[in-house]
Amino acid sequence: MNQIDRTSSANLRVRFAPSPTGFLHVGSARTFIFNWLYARHNHGTMILRLDDTDVERNTEASVDSIFDGLQWLGLDWDESYKQSERHELHRKIAWSIFDKGLAYRDFTPAHTGESEKSGVQGTWLFNADMRELPREESNRRAAAGEPFALRFRVPREDAIGRQLPSAVGFAEGKLSVHFDDAVYGKQVKATADIEDFALLRSDGMPTYHLASCADDADLTISHIIRGQDHLTNTFKHVLIFEAAGHTPPQFAHLPLLVAPDGTKLSKRRHGPVVSVTTYRDAGFLPDAFINFLCLLGWSPKDDRTKMSLGELTDAFSLEGINRANAVVNFKEPAAARPLSGAIPEETFDAKAVWLNAEHIRALPIDDLSERLLPIVHEQYPNVTSKTMLRITPLIRERIKFLRDVLAAADFFLVEQLRPYDPAELIPQKGDAVMALKALQKAREVLASVEFNHDALDHALRAAAQELGLKAGQMFQPVRVSVCGRKNAPPLFETLEVLGKETTLRRIEDAIRRLS
RNA sequence: GUCCCCGUCGUCUAGCCCGGCCUAGGACAUCGCCCUUUCACGGCGGUAACACGGGUUCAAAUCCCGUCGGGGACGCCA
């Protein structure tokens, strides 16, 4: 059965196959990333396939939203397909399975939705009348126009003695299907626990299971890397592959991403916090987001956490994937803070936020500056890239999200400072008189000094000494007058960028506020 | 209900396959100290975990059995 050479990377082909039924959520993004990493690490082929079989639920908006997310991540693919354009192939394969006697027509009317989902009697297996329906009668009824679904004939005890597919054998005395998962190891399931699933619906459309396997076989996918929620479906898939005359690919199932409440991440229950574009809009760097996602369910095993895309690509392997579900430790925005439009920082997993800050700090100044500029321009269209380039180094260590630039660099950007509490001007262990004295001195000294770091440093320290103040007591009033608050970048660099004119004007203003 | 998967600090994880180096390592978060003109960065240190119970063994986080807990799949949805 293992005739395909899976070690040869030239034939390595993986795929990401989202269904366009909503936005791209973080679990899907992580599946995409792992597939991409595996393909690139092994110089294989990355395929994007839209699994849009369910016309009812698919929307154009969803397709756009998924592409938005993928585009932001910045990871590419080599080939792309739409399942809805391949129905002929799916039907052809379904009927070839029927022709081999491995599927049969089921004329039972379709079920009315969810009603008999978790029946007390246990798993429904098959309807004997339909499964055993003579071929002639089946053909006759079909020819008469009676609707039917096409069902897979899962091997039962009646298959014993005949030629069995190679994935089917006996385990503990029971006829079972087996396959080897790259993450979860050997998997076995008794055919008595697998129902005769549908291949074609009564409207002739392929089901997900059929379409997915038919495409994977046709596109010669070598490795299927997907969420663990498909682990039990895989037994059916193995059966389809073999019935269609193909060797099943190598499977690798990923542990699920779960919410803090322990349940599988879902768009429905958890909302925008699980949408990729939410991270984009909050000012995450794509590489930081990718880094974060990779650490959920995978480990490089060498204690590294902050990793670039290149490092991730080099380090990635299926062996590093673990089996336990991982929680994305986000908070519901409503619980985090009364909503004010923007998504508060504490909404996101703290590690994601930290990684983002790390990636921001690792970016070269000019690169960071370029990414910051469009955000700044939303509110301050007149800021030049030259100015931005001077501001960036002063705030790089102080922002966790790209958007934070607006709050961190506000005093560089506005003409007029927002009104602040004059009490802020008063230094440690000082009073309003001291503040006033310091500012008047600063006004005097700064008027005649050259605005570069060293000159500023000398001038202000000397001024402090002259007044009998500690350096900090001198700096604080100046800082607050030019920044409008206590927490700000280092003073001299700040003054340098602000320039003499603005600095003096703001000190003047502060003196006015004090008196 | 049936079947499948999982269970190491609050969270992500290393170690588990091939028992001893584990008085269980790292990271985030948290607490404290240092650096310092504020904030941040950085440095140092602390708190904190092998779900439980049996067994095998000289020795078990690592192997076996059971219990409990969590998740997932069971559709003519994907």
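Refer to the structure printed above.
Residues numbered from 1 in each chain as written. Chains lettered and ligands numbered in written order. Predicted model: local features only at pLDDT ≥ 70, side-chain atom pairs only at ≥ 80, totals over all residues. Heavy atoms only, no water.

### Quick look at the nonpolar core
Put simply, the rule is: Nonpolar cores are built from buried Ala, Val, Leu, Ile, Met, Phe, Trp, Tyr and Cys residues. Side-chain atoms within 4.5 Å join them into one set. Relative accessibility under 20% of the residue-type maximum defines a buried residue, over 50% an exposed one, and the middle range a partly exposed one, all with a 1.4 Å probe and only protein chains included. The helix count covers DSSP runs of H or I at least four residues long, the strand count covers runs of E at least two residues long, and both are numbered beginning at the N terminus. Throughout, a contact is declared for two residues whenever any of their heavy atoms are within 4.5 Å.
The biggest cluster of nonpolar side chains holds 89 residues, and the ones touching the most others in it are Ile33, Phe34, Leu73, Ile97, Leu199 and Phe289. In terms of residue count, helix α1 (residues 26–41) provides more of this core than any other element does, 9 residues in total. Not counting the four nearest positions on each side in its chain, Leu73 is found in contact with Ala29, Phe32, Ile33, Pro286, Phe289 and Ile290. Counting residues in each nonpolar core, the second largest holds 58 residues, with Ile391, Leu417, Leu425 and Ala488 among its members.

### Here we look at the packing of aromatic side chains
Condition: Stacked, tilted and edge-to-face pairs are distinguished by plane angle, under 30 degrees for stacked and over 60 for edge-to-face with tilted covering the rest, among Phe, Tyr and Trp rings (Trp via its six-membered ring) whose centres lie within 6.5 Å. For a Lys NZ or an Arg CZ to count as sitting over a ring, it must be within 6 Å of the ring centre and within 35 degrees of the ring normal.
Applying the stated criterion across every chain, the model contains 21 aromatic pairs. Between the aromatic rings of Phe152 and Phe197, the centroid separation amounts to 5.2 Å while the plane-to-plane angle is 5 degrees, which identifies the pairing as stacked. A residue pair is termed long-range when its members are at least 10 positions apart, and Phe152 in strand β5 (residues 149–152) and Phe197 in the loop between β8 (185–190) and β9 (198–200) qualify at 45 residues. In this structure Phe152 comes out as buried when scored by relative accessible area, which is 4%. Using a relative accessible area of 3% as the deciding quantity, one classes Phe197 as buried. Chaining the aromatic ring pairs together yields one cluster made of Trp72, Tyr279, Phe284, Phe289, Phe348 and Phe401. Of note, Arg513 hangs over the ring of Tyr420, and the distance from its end group to the ring centre comes to 4.4 Å.

### A few points about the sheet that holds β5
This is how the line gets drawn: Two strands form a pair only when DSSP identifies at least two bridges running between them. Axis geometry follows a simple rule: fit a line to the C-alpha atoms, using only the stretch in contact for helices, then measure angles between N-to-C directions, giving values from 0 to 180 degrees.
Read across the sheet, 3 strands follow the order β4-β5-β9 without closing on themselves; strand pairing throughout is antiparallel. Because the sheet does not close on itself, it has two edges, and the strands there are β4 (103–106) and β9. Each neighbouring strand pair of the sheet contributes to a mean axis angle of 40 degrees, computed without reference to strand direction. Examined bridge by bridge, β5 and β9 share 2 bridges and lie antiparallel to one another. Each bridged residue has a counterpart across the sheet, and for Leu150 the counterpart in β9 is Leu200. The strands touched by helix α3 (residues 87–99) are β4, β5 and β9; relative to β4, the strand with the most contacts, the crossing angle is about 100 degrees.

### Some remarks on the packing of α1 against helix α10 (residues 286–294)
Inclusion rule: Angles below 35 degrees are treated as roughly parallel, those above 145 as roughly antiparallel, those between 65 and 115 as roughly perpendicular, and all remaining angles as oblique.
In the contact formed by α1 and α10, the axes pass within 10 Å of each other and the chain directions differ by 90 degrees. If you check the angle between α1 and α10, you find them roughly perpendicular. Residues Val26, Ala29, Arg30, Ile33, Phe34 and Leu37 of α1 lie in contact with α10, whose contacting residues are Phe289, Ile290, Leu293 and Cys294.

### Brief notes about the protein's contact with RNA strand B
Filter applied, for reference: For each residue, the test is whether any non-hydrogen atom lies within 4 Å of the molecule or strand; if one does, the residue is near. What qualifies as a polar contact is a pair of N or O atoms within 3.5 Å, subject to a donor-acceptor requirement within protein and to the restriction that residues adjacent in sequence count only when both atoms come from side chains. Residues are grouped as follows: Ala, Val, Leu, Ile, Met, Phe, Trp, Tyr, Cys and Pro are nonpolar; Asp, Glu, Lys and Arg are charged; all remaining types, including Gly, are polar.
Near RNA strand B there are 66 residues, and of these Ser19, Thr108, Arg201, Glu397 and Arg479 occur at the shortest range. Counting only atoms of RNA strand B within 4 Å of the protein, the fraction found in sugar and phosphate groups is 72%. Note that a phosphate oxygen of RNA strand B is positioned 3.1 Å from one of the side-chain N or O atoms of Lys264. Taking Arg398, its side chain carries an N or O atom lying 2.6 Å from a base nitrogen of RNA strand B. Counting only elements with at least two residues in the surface near RNA strand B, the list comes to β5, β8, α6 (208–218), β13 (326–327), α13 (350–362), α20 (471–483) and α21 (491–498). Top contributing element to the surface near RNA strand B by residue count: α13, with 5 residues. Among the residues making up the surface near RNA strand B, the classes are represented as 22 nonpolar, 22 polar and 22 charged.

### A look at helix α22 (residues 500–514)
Given 3.6 residues to a turn, an α-helix orients residues that are three or four positions apart in the same direction. Put simply, the rule is: Each residue after the first adds 1.5 Å to the expected span of a helix.
If you check α22, its first and last C-alpha atoms are 21 Å apart, about what 15 residues at 1.5 Å a residue would give, namely 21 Å. The set of residues buried in α22 consists of Thr502, Thr503, Arg506, Ile507, Ala510, Ile511 and Leu514. Check the buried side of α22 and you find it contacts α17 (410–413), α18 (432–446), α20 and α21.

### Describing the side chain of Gln83
Along the chain, the position of Gln83 falls in the loop between β3 (79–82) and α3. Overall, Gln83 belongs to the buried group, its relative accessible area being 0%. A distance of 3.5 Å separates the side chain of Gln83 from the backbone oxygen of Ala211, its partner in a polar contact. Those residues in contact with Gln83, other than ones at most four positions away along the chain, are Arg49, Leu50, Asp51, Asp52, Thr53, His90, Ala211, Ser212 and Asp215.

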